[in-house]
Amino acid sequence: MRLEILPVPGIGDVTEGDDLAVLIGTAAPWLRDGDVLVVTSKIVSKAEGRLVDVPADGPERLAARDEVLAAETARVVAVRGQTRIVQTHHGFVMATAGIDASNVDKTRLVLLPVDPDASARSLRAALRDRYRIDVAVIISDTMGRPWRNGLTDVALGVAGMAAIRDHRGEVDPYGNELQLTQMAVVDELAGAGELIKGKCDQVPVAVVRGYLPATSPPADGDLDPRPSDGNRRDGSPAIRPVDDGVGAAALVRESALDLFSLGTAEAMAAGLRAAATLADGPGEAPADPAAVDRAIAAVAEVVAPGTTFTRITDDEVRAGLAATVDGWPTGATALLLGTAPTPVDQPDLVRFGADLHRLRIALAAEGVPSTLLPPPTGSIASACLAL
């Protein structure tokens, strides 16, 4: 495969109501079937009127921007100072919901297109109808990446090609079957286009040539000339274009599969809130001894010096607990908590209660539920946990 990345200069400033197909077709009469157009989302938003008026500066501008951000936000992911990482109504996770104040008048903000996939389909259809060319269209925007510095362009919308190239089931040269490899090729092409578009060069469209075949064969392999003058720009018979595809929506990860749905501080805060209302009851299966040991080790350095944890696994001892502790669950593992001196005054009781809750949180983090029961009759323990 040999790729060319070509700029489309001369489009000029885009305003609401402009016909992007005409602007692009006029600026790039050399377009041909199989080209991939990488179109900056900002000119799509401008043409579609996705702009809001705000004050040029001062606190009023910040307040107006916050109001717009709240309207564009489906869920807050992380907040650090003035930085807001949010999930948009499209499902994208990005800074400030993609709201942009660059390359636009100071009294306006540019929002993302309402439906970037629909925008890509519409532009592709307009180019096909007006210029008889079959191209793929990627609507791109700039995003940051977790774990890595720097920004890169990614696809918000796509039509005319698959967003993901799925290699699962293929066999590599060493005979290994690929199990997980799914390449976000439209993101890679969007990043390639950004190399020549730039941020200040007023080149909002790039063309990647060579990734798709020069002609798009139909499913049955038959030529399908369009009605009347339905030929390509060069006069040759047109091939029926490929379907638009499912679009960039295929790139949005399902929430159930999102392992990083919150920022670090937000996840910790959510965990602490959940810890305030721990479920009360042991698990159906016996507690994993290794998990219990990890939980004890996790809090060992922060509990009061006199607090002790004694894990009871002996069946006879547990049988004795069942006889002396009201409500003891059959087969449960016991953790006896003690303190020296035995808590008698209020500060000691508060300290011991905090140690007990720390241990229950650590157990819950290891997937070990617990319930608090009175200590066994005659025991020196101050509390008893059933796991």
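Residues numbered from 1 in each chain as written. Predicted model: local features only at pLDDT ≥ 70, side-chain atom pairs only at ≥ 80, totals over all residues. Heavy atoms only, no water.

On to the overall build of the protein chain, then. Counting its regular elements, the protein chain contains nine helices and 16 strands. For the protein chain, the residues scored as buried account for 40% of the 387 residues in total. Sequence-distant contacts in the protein chain: of pairs separated by 6 or more residues, those separated by 24 or more amount to 65%. With the model as given, the accessible surface of the protein chain reaches about 21100 Å², and the carbon-plus-sulfur share is 55%. (Helix = DSSP H or I, 4+ residues; strand = E, 2+ residues; numbered from the N terminus. Buried < 20%, exposed > 50% of the residue type's maximum accessible area, 1.4 Å probe, protein only. Contact = heavy atoms within 4.5 Å. Areas by Shrake-Rupley, 256 points an atom, 1.4 Å probe, with all protein chains shown as cover.)

This part is about the packing of helix H7 (residues 289-299) against helix H9 (residues 346-365). Direction vectors running N to C along H7 and H9 enclose 135 degrees, while the axes themselves pass 8 Å from each other. In terms of axis orientation, H7 runs oblique to H9. Read as a crossing pair, H7 and H9 show a hand that is right-handed. Packed against H7, whose contacting residues are Val292, Ala295, Ile296, Ala298 and Val299, the element H9 presents Arg358, Leu359, Ala362 and Leu363 at the interface. A per-class count over the contact of H7 with H9 returns eight nonpolar, no polar and one charged. (Axes fitted to C-alpha atoms, helices over the stretch in contact; angles between N-to-C directions. Parallel < 35°, antiparallel > 145°, perpendicular 65-115°, else oblique. Left-handed = near helix turned anticlockwise from the far one by under 90°. Nonpolar A, V, L, I, M, F, W, Y, C, P; charged D, E, K, R; others polar.)

When we look at burial in helix H1 (residues 20-27), the residues that qualify are Leu20, Ala21, Ile24 and Gly25. Along the axis of H1, the buried positions cluster into a sector of 120 degrees, meaning they face one direction only. Contacts made by the buried residues of H1 are with strand E2 (36-40), helix H2 (41-47), helix H4 (116-131) and strand E12 (205-209). (Arc of directions from axis to C-beta.)

An order of E13-E14-E16-E15 is seen for the four strands of this open sheet, with the pairing classed as antiparallel. Unpaired on one side and paired on the other, strand E13 (308-312) and strand E15 (371-373) mark the two borders of the sheet. With direction set aside, neighbouring strand axes in the sheet form an average angle of 25 degrees. Those strands touched by H9 are E13, strand E14 (334-338), E15 and strand E16 (383-386), and its axis lies near 155 degrees from that of E14. (Pairing = 2+ DSSP bridges.)

Nothing here speaks to function; it is geometry throughout.
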